Amino acid sequence: IYHYFDSKEHVFYAIIQKEVYILKSKILQAVKQAKTPQEKLKAFASTRLKEILELVNFHKLTQEAVDILQPQVEKALEKYRQEELRIVEGIIKEGIRKKVFENLNAKLSAFALMSVFRNLEFPWLIGKKAYDVEEKVDFMLRIYLKGMEV
């Protein structure tokens, strides 16, 4: 293996890049199958969260391992996070064009929504008990899209 990679960090980086590619492909497929912008946001969030959970469970990374590998993970994920923002921004712009979303700053809205999506994955990443993905995503999107006002 060291014939192709000069260190275990490079091996890990290559694995992360491959898994990010697979994750992105699954998310894009789920979004493509959804019809409305609201359904696309749900497909994005649900697929993303389920796949991240599966990856975390598959690798069974401990918090110590995550801390040690954090610099490599951050480097590998930065480009992907920008792509996620562009995907969500595109869905929001579609919703604005179709007049199902208020005409707000799509880039800023995507940033805010991705912050919420990333916080949904946090309990799993620190080893907390798993929860119903669909229930959390539905609730979060209801609050985000409709607000809490009466």
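Residues numbered from 1 in each chain as written. Predicted model: local features only at pLDDT ≥ 70, side-chain atom pairs only at ≥ 80, totals over all residues. Heavy atoms only, no water.

Q: I tried to follow the overall build of the protein on my own but got confused; where do I start?
A: Tallying secondary structure elements over the protein gives five helices and zero strands in all. When the helices and strands of the protein are read in sequence order from the N terminus, they spell out α-α-α-α-α. A total accessible area of about 10200 Å² is found for the protein, and carbon and sulfur atoms account for 59% of it. (Helix = DSSP H or I, 4+ residues; strand = E, 2+ residues; numbered from the N terminus. Areas by Shrake-Rupley, 256 points an atom, 1.4 Å probe, with all protein chains shown as cover.)

Q: Help me understand the nonpolar core, please; the structure alone is not making it clear to me.
A: Burial of nonpolar side chains together is a common tendency in soluble globular proteins. The biggest cluster of nonpolar side chains holds 30 residues, and the ones touching the most others in it are Phe44, Val88 and Phe117. Those elements that provide at least two residues to this core are helix H1 (8-33), helix H2 (37-59), helix H3 (63-97), helix H4 (106-125) and helix H5 (133-146). Ranked by the residues each element gives to this core, the list is headed by H3, at eight residues. Discounting residues that sit within four places of it in the chain, Phe44 has contacts with Ile27, Val31, Glu84, Ile87, Val88, Met114 and Phe117. (Core = buried A, V, L, I, M, F, W, Y, C linked by side-chain atoms within 4.5 Å. Buried < 20%, exposed > 50% of the residue type's maximum accessible area, 1.4 Å probe, protein only. Contact = heavy atoms within 4.5 Å.)

Q: Honestly, the confidence of the model for the protein in this entry has me stumped. Any pointers?
A: Regions with low pLDDT carry predicted coordinates that are not meant to be interpreted in detail. For the protein, per-residue confidence averages 82 on the pLDDT scale, and residues scoring 70 or more make up 77% of the total. For the protein, per-element mean pLDDT is lowest for H3, which scores 81, and highest for H5, which scores 88. (pLDDT = per-residue confidence, 0-100.)

Q: What is the right way to look at the pattern of salt bridges in this model?
A: If the charged atoms of two oppositely charged side chains come close together, the side chains can form a pair. A complete count under the given rule lists 11 salt bridges for this structure. The closest approach of N and O atoms between Lys40 and Glu94, which form a salt bridge, is 2.9 Å. Residue Lys40 is found in helix H2, and its partner Glu94 is found in helix H3; the two are separated by 54 residues along the sequence. Neither residue differs from the other here; Lys40 and Glu94 are each classed as buried. Between Glu89 and Lys93 there is a salt bridge, with the nearest N and O atoms lying 3.2 Å from each other. With Glu89 and Lys93 both in helix H3 and four residues apart, this pair spans about one turn of that helix. Of the residues examined, Glu89 reaches a relative accessible area of 12% and is grouped as buried. Taking the relative accessible area as the measure of exposure, Lys93 reaches 40% and is therefore partly exposed. Linked by salt bridges that have partners in common, Lys42, Lys50, Glu134 and Asp138 make up one network. (Salt bridge = Lys/Arg side-chain N within 4 Å of Asp/Glu carboxyl O.)

Q: I tried to follow unusual backbone geometry on my own but got confused; where do I start?
A: Glycine aside, the phi torsion of most residues is negative, and most peptide linkages are trans. You will see that Lys99, though not glycine, has its phi angle at about 65°, which is positive. If you trace the backbone, Lys99 turns up in the loop between H3 and H4.

Q: Teacher, can you tell me more about H5 here?
A: When the terminal C-alpha atoms of H5 are compared, their 19 Å separation across 14 residues agrees well with the 20 Å that a helix rising 1.5 Å per residue should span. Residues Val133, Val137, Met140 and Leu141 constitute the buried set of H5. Viewed along the axis of H5, the buried residues span an arc of 100°, placing them on a single side of the element. Exposed residues on H5 whose side chains face more than 90 degrees from its buried face are Glu135 and Lys146. (Expected span 1.5 Å × (residues − 1). Arc of directions from axis to C-beta.)

Q: Got a minute to help me understand the side chain of Thr47 in this structure?
A: Within the secondary structure, Thr47 is located in helix H2. By relative accessible area, Thr47 is classed as buried at 16%. Apart from the residues lying within four places of it in its own chain, the contact partners of Thr47 are Lys26, Ile27 and Ala30.

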